[in-house]
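Report on the structure
For reference, the chains in residue letters:
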Amino acid sequence: MMRSVRVLVMLFGLLVGGGAWATHNQAGEILVCYSGVVPGGLLYEVTIITHTKTSSPADRPEFIVDWGDDSGLDTIARDNIIFNIAPDVQKNFYTEQHVYPGPGVYILQYIDPNRIEGVVNIPNSVDVPMCVQTQLIISVAGNNCSPSFLNSPIQNACLGQCWYHNPGAYDTDGDSLSFEPRVCLGADLDNDGDGDPIPGYLYPDQVGPGANNQYDIDPSTGTISWCAPQVQGVYNIAFAVLEWRKINGVWVNIGWVMRDMQVIVGPCNNQPPNITDLSDTCILAGTQLTVNVSASDPNTTQTISLSAIGGPMIITPNPATFLSSPGVGSATGVLTWNTVCAHVRQQPYQVLFNAEDNDSPVELEDFESMFITVVAPPPQNPTATPDGSIMQLAWSYPNNCNNASGYLIYRRQGSFGFVPDNCELGVPAYTGYQLIASTNGFGSTTYADQGLAFGVTYCYMIVAVFPDGAQSYASVEFCNLLQREVPIMTKVSVDVTDATVGVDSVQWSNAFDLDTLQYPGPYQFKLYQGASYATANTLIHTSTLHPFLEHPDTTFVHNNINTVASPNAYRVELYYDNGAQLVGSGNTASSVFLVPDPNDEQVTLNITYNTPWVNDTFYVFRDNGGTWILVGITDTTVYIDTGLVNGQEYCYYVSSVGAYSDPAIVHPLVNRSQEVCAVPVDRTPPCPPTLAILNDCETPLNTLSWKDPNNSCADDTYQYNVYFTDSLGGELQLIATINGAENTVFTHTDGASVAGCYAITAIDTVGNESAFTNIVCGDNCPVYTLPNVFSPNSDRVNDFFIPFPYRGVKEIDLKMYNRWGNLVFSTQDPAILWDGTNQSSKVQVPESVYYYTCLVTFKMLAGDELVQLKGYVHLLRGNNGGLD
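This paragraph deals with the sheet that holds strand β27 (residues 380–387). With antiparallel pairing, three strands are arranged side by side in an open sheet as β27-β28-β31. Strand pairing shows two members of the sheet lacking a second neighbour, β27 and β31 (446–449), which therefore form its edges. If you compare each strand with its neighbour and ignore which way they point, the axes differ by 15 degrees on average. Summarising the sheet, strand β28 (residues 390–396) and β31 pair through four bridges and their orientation is antiparallel. When the bridges of β31 are listed, Q392 appears paired with A448.

Sizing a probe to match a water molecule and rolling it over the atoms shows the empty space that remains. Under the definition given, this model contains four cavities of 30 Å³ or more. Every residue lining the largest cavity is listed: V32, T134, Q135, L136, I137, N144, C145, S146, E243, I254 and G255. Those elements giving two or more residues to the lining of the largest cavity turn out to be β8 (130–138) and β17 (250–266). Of the residues assigned to the lining of the largest cavity, the class counts are five nonpolar, five polar and one charged.

Attention now moves to the layout of surface pockets. Taken as a whole, the largest pocket encloses approximately 510 Å³ of empty space. What lines the largest pocket is a set of 23 residues, and nearest its centre among them are I85, A86, I154, Q155 and N156. Looking at the lining of the largest pocket, the elements with two or more residues in it are β5 (73–86), β10 (154–158), β17, β25 (349–356) and β26 (365–375). Counting residues per element, the lining of the largest pocket draws most heavily on β10, at three residues.

We now examine the pairing of strand β59 (residues 823–827). Alignment of strand β58 (residues 809–817) against β59, held across four bridges, turns out to be antiparallel. Its bridge partner lying in β59, M816 is registered against F825. Hairpin remark: β58 followed by β59, antiparallel, with five residues in the connecting loop; positive phi at G821, about 85 degrees.

What follows covers the side chain of Q135. With respect to the element layout, Q135 can be found in strand β8. By relative accessible area, which is 14% here, Q135 ends up buried.

Here we take up the environment of V486. Looking at the element boundaries, V486 is found in the loop between β33 (478–481) and β34 (488–496). For V486 and L278, which are 208 residues apart along the polypeptide, the C-alpha to C-alpha distance reads 59 Å. When residues no more than four places from it in sequence are discounted, the contact partners of V486 are F454, N510, A511, G584, S585 and G586.

Here P378 shows up in the loop between β26 and β27. Expressed as a C-alpha distance, the spacing of P378 and A474, which sit 96 residues apart in the sequence, is 5.2 Å. The residues touching P378, leaving out its near neighbours within four places in the chain, are Y397, S472, Y473, A474 and S475.

The next thing to look at is the environment of S220. With respect to the element layout, S220 can be found in the loop between β14 (214–217) and β15 (224–227). A relative accessible area of 46% places S220 in the partly exposed class. In sequence terms S220 and E180 are 40 residues apart; their C-alpha atoms lie 9.4 Å from each other. With near-sequence residues (within four places) excluded, S220 lies in contact with L177, F179 and F371.

Cis geometry is found at the peptide bond from C227 to A228, where omega equals 0 degrees. Tracing the sequence through the fold places A228 in the loop between β15 and β16 (233–247). H667 connects to P668 through a cis peptide bond whose omega is -5 degrees. With respect to the helices and strands, the residue P668 is situated in the loop between β47 (650–659) and β48 (669–672). If you check the backbone angles, N248 has positive phi at about 55 degrees while not being a glycine. The residue N248 is located in the loop between β16 and β17 in this model. Positive phi, close to 65 degrees, is recorded for R796, a residue that is not glycine.

This paragraph deals with the sheet that holds strand β38 (residues 555–561). Spatially, β34-β35-β38 is the arrangement adopted by the three strands of the open sheet, whose pairing is antiparallel. The open sheet is flanked by β34 and β38, the only strands paired with a single partner. Neighbouring strand axes in the sheet, compared pairwise and without regard to direction, differ in orientation by 20 degrees on average. Sheet topology note: the β34/strand β35 (residues 502–509) ladder contains seven bridges and is antiparallel. Across the sheet, the residue bridging to V492 is V506, located in β35.

Taken residue by residue, the protein chain gives an average pLDDT of 92. The fraction at 70 or more is 96%. Throughout residues 1–21 the model reports pLDDT below 50, and contacts reaching past four residues in sequence, or to other chains, amount to 66 contacts.

It is worth spelling out the pairing of β27 at this point. As a general feature of sheets, a regular strand has side chains that alternate between the two faces. In this structure, β27 lies alongside β28, joined through six bridges in antiparallel fashion. Directly across from T385, in β28, lies its bridge partner Q392. Remark: two residues form the turn of the hairpin made by β27 and β28, two consecutive strands paired antiparallel; G388 in that turn has positive phi of roughly 65 degrees.

Judged by nonpolar contacts, the single largest core of 75 residues is most densely connected at L335, F353, Y460 and M489. Each residue touching L335, except ones within four places of it in the same chain, is listed here: L289, T290, V291, M313, A320, T321, F322, V351, F353 and I372. Within the second largest apolar cluster, 39 residues are counted, among which are I49, V119, W256 and M258.

Reading the values: rules and limits
Residues numbered from 1 in each chain as written. Predicted model: local features only at pLDDT ≥ 70, side-chain atom pairs only at ≥ 80, totals over all residues. Heavy atoms only, no water. Pairing = 2+ DSSP bridges. Helix = DSSP H or I, 4+ residues; strand = E, 2+ residues; numbered from the N terminus. Axes fitted to C-alpha atoms, helices over the stretch in contact; angles between N-to-C directions. 1 Å grid on protein atoms, 1.4 Å probe; cavity = no way out; pocket = protein on both sides within 12 Å on 5 of 7 lines; lining within 4 Å. Points joined across faces, edges and corners; volume = space filled by probe spheres on them. Nonpolar A, V, L, I, M, F, W, Y, C, P; charged D, E, K, R; others polar. Buried < 20%, exposed > 50% of the residue type's maximum accessible area, 1.4 Å probe, protein only. Contact = heavy atoms within 4.5 Å. pLDDT = per-residue confidence, 0-100. Core = buried A, V, L, I, M, F, W, Y, C linked by side-chain atoms within 4.5 Å.

Take a look at the structure:
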C-alpha cells in the first residue's frame with residue numbers, strides 16, 4: 001500500500017504569490033523515527049529540517065501537514081532556530097508525532113515555495129518550490145529510525161577546483177546505508193499529490209559539460225565529488241540515503257531519506273587539502289582503537305584543520321574522541337575509541353575525517369571515510385565431554401557482553417586449525433565446518449550433540465550472535481571422540497557379486513570402554529542388515545553368549561544376498577545380562593557400491609558408500625581377460641577410466657582403504673565393492689564452435705562463419721544445425737541443416753530482411769548435439785524512397801508508380817489522393833505497382849499532381865520501426881515521363 005504524506009504551506013493559488021511567500025529555501029530533509037506502540041497504531045516522530053535565507057521576508061513558523069492516512073490536516077510548529085549556520089542562513093526544526101495505523105509504504109514530503117533566486121541549474125528557481133521526500137516503510141523489518149546527517153547542507157566550492165563533500169549520514173539502528181543521486185523536486189505538476197522532478201533541472205556536470213566537469217556520489221561512503229565546477233553561482237543538488245537490513249538472510253530496503261542541499265561556487269585560486277588514505281579495520285570489543293590521521297595542503301602557507309564526525313563520536317557509552325591541532329601546510333590528529341560489547345553490531349561504523357584550509361574567500365575541504373567494525377570476543381573455555389552416544393558441549397562468555405542473544409555451534413570431523421584473521425568473523429565455509437545447531441539467550445552455553453559415530457574425532461567451534469545478526473570471532477577449536485561403549489563396525493566387503501547368491505563379509509570390534517560393573521555379562525551381539533546405504537533393521541545373526549566383554553564372535557559372512565542391485569548396510573547391537581538387556585547399537589555401515597556412467601571411450605565410476613569411518617584411498621581394478629589388474633588410484637569418489645573402445649564391455653571393482661580417527665581401532669580398514677560392468681558409448685556432443693556474422697544490410701545478405709570443431713575439441717563432428725529468430729530475445733528456430741564438418745559458412749536472408757539472430761549447434765556421427773554457440777545478430781539498414789513522376793502510357797517505360805530499389809521493408813500503408821482530396825488508390829504492398837487507374841472506378845485518372853501519405857514499417861532487430869512519408873507525384877500521359 002502506498003500513501004503520500006504531503007506537507008503543504010499554502011493553497012495552490014498562493015504558489016504564484018509574493019510577499020510573505022517570497023523565496024528563501026536553500027536545503028532540507030525529513031527524518032522519521034519509531035517511538036512505540038500506542039492505542040490505534042504505531043507512533044512515529046517526524047522532524048523536518050530546513051535551511052533558509054535569514055534576510056528573506058518569508059518565514060515558516062509552522063507547516064501544514066497531510067499525513068496521508070485520512071486523518072485530516074495538522075500543523076507542525078517550529079521548535080527551534082539556529083542562526084548563522086552560514087552567512088545569512090538559519091536552520092529550522094519542526095517536530096511532531098503521528099500515529100500510523102499499521103504496515104505500509106509512506107512517502108513523507110513537504111512542498112514549500114520557493115527556492116532562492118538565481119540557482120544556476122534550476123531554471124527560474126525564484127518561482128520553483130522546494131520539495132523534499134522521505135520514504136517510511138512499516139513492515140516485518142521491525143522498528144526503524146531513518147539516518148540523520150552530521151554535516152551541513154550549505155557548502156562552498158571553488159571555481160575550477162575539485163569539490164568534495166560528505167553528508168556524514170549516521171544510522172542509530174546500525175542499518176547498512178547506500179547513496180544515490182536524485183533530481184531536485186519541485187511543484188506537483190501532474191496533480192497526483194507528490195512533488196515532481198523540476199523541468200529543465202541539470203546535474204552540476206551538465207552546466208559547462210566536458211571532461212574536466214565530472215559529478216558523482218560514492219554509493220558506499222556517500223562522498224560527493226565534483227571535478228570541477230565550470231560556472232560560478234548557486235547550485236542545488238539532491239541525493240537519497242537508502243537503508244538496508246538483512247531479513248532471513250536477504251538484504252531488504254527498508255526506506256530512504258532525501259536531502260536537497262546547496263553548493264555555492266565562487267572564484268578563487270585555492271586548492272583543496274589532502275588526507276592520507278586510511279584503511280578500514282576491525283577492533284575487538286573491550287580493546288582500544290587508535291587511528292593516526294594526517295593531512296597536507298598544496299598551499300604550504302595555509303593553516304589546515306582536521307576534524308572527525310561519525311557514529312563512534314556520538315554513541316553511548318564510551319564515545320570516541322578525536323584530538324587535533326591546526327598546522328601550517330599540514331596537520332595531524334588521533335582518533336581514540338575504547339570499545340565495549342555494547343558497540344557490537346553487524347554493520348561497520350563510519351568515521352568521516354575532514355581537512356579544511358583557511359583560504360579566503362572559499363575554504364576548501366577533503367574527506368576521508370573509514371569503516372570500523374567492532375567485533376565481539378570469542379566464546380571462552382569450550383569443552384566437549386563424551387556421554388554415551390552424546391557429546392556434551394559447554395562454554396562461557398564474558399558477563400560484560402551480555403547483549404549476546406545466543407550462540408552458533410559448528411562441527412567437523414577432524415581438526416582444521418582455524419585461526420581467524422582480523423576481520424574474519426564467524427566460521428568460514430572453507431574450514432569444512434558445518435553449522436549444526438544454535439542456542440538462544442546469553443546464558444544458553446551448553447549443547448548436547450547427538451547422532452554421532454563412535455571412533456570418530458569431532459571438532460567444534462562456537463560463535464556468539466547478537467540481536468542484529470552480528471557474529472563474534474570463533475572460539476578456539478576443541479575436539480573429542482565418543483568412548484567405545486558399543487560395538488563398532490570395521491568391515492563390510494563384497495566377496496561375491498551376484499543377484500541371488502552374493503556374499504558380504506562383515507566385521508566389528510568390541511565395546512572396550514563399556515563399564516562392566518554397570519553392564520555385567522554375559523554378552524551377546526545381534527547383527528542387522530538392510531538393502532540400502534543407511535537402514536539395517538532385519539536381524540540376520542545372533543551370537544552366542546560370552547562371559548567377557550571381549551567377545552570372540554565379531555565376524556559374519558552373509559550368504560545368498562543380492563549384491564548387484566544396491567549396497568547392503570549393517571549394524572550391531574550389544575546386549576548384557578545374559579542377552580536380556582540392550583546396551584546400545586553401533587553405527588550403520590554400508591558396502592562400497594559402484595555406479596558406472598559410460599561415455600565416449602570412457603567409463604566414469606561413481607564410488608558411493610555410507611560408513612562411520614573415513615575412506616581416503618580407492619584402488620580401481622579392471623578385468624583383463626579373467627585377471628583383475630590395477631588401473632588407477634584415487635582419493636576422490638569419482639574415477640574416470642579413459643582410452644577405451646566404444647562398444648566393448650569393461651568390468652571393475654574398487655578396494656577402499658580408510659580408518660577411524662581413534663588410533664585404538666584396528667586400521668587400515670580395507671573393503672571391496674561389488675563388480676560392475678559397462679560398455680562405453682559416445683554420449684558426448686562436440687563442443688559448440690564460435691560463431692561470427694558478416695551483416696551486409698545493403699545487398700542484403702547475412703554470412704555466418706565458424707571453425708570446424710574437429711580441428712580443436714572434437715573428432716567426429718559431421719553436421720551442423722542453424723537456428724534463427726527474427727527478433728531480440730525471440731525463440732530460436734531450426735532453419736537449416738548442413739552436412740560435412742568442413743562446411744563452415746552459411747548465408748541467409750529472411751525474405752528481403754537481414755534482421756535477426758543466429759546460433760548453430762554441432763552434431764557428431766551418433767547424433768549428439770552440442771549446446772548453442774554464442775548468439776550473433778544482424779540488422780537491416782532500411783531504405784524506401786518514392787519517385788515524383790511516372791507515365792502510365794503503355795510504352796513499357798515508367799508505366800507504374802513503384803519505389804526505387806528498397807530493402808528492410810516489412811509492409812506499407814500507402815494512400816494516393818487527387819488535388820480535391822479524394823482517395824484514388826491505396827495498397828499495403830511495398831512494390832505499389834499503381835498503373836494510374838482509379839482503384840474504385842477502374843477508370844484511368846487524368847494527368848495531374850497526386851498526393852500521397854505512406855506509413856512504412858521497417859523490419860528491425862529490436863522491433864518494427866514506423867516512418868511516415870508524405871509527398872506528391874506527377875502523373876503524365878505523354879511519352880516523355882522520365883523517372884526523376
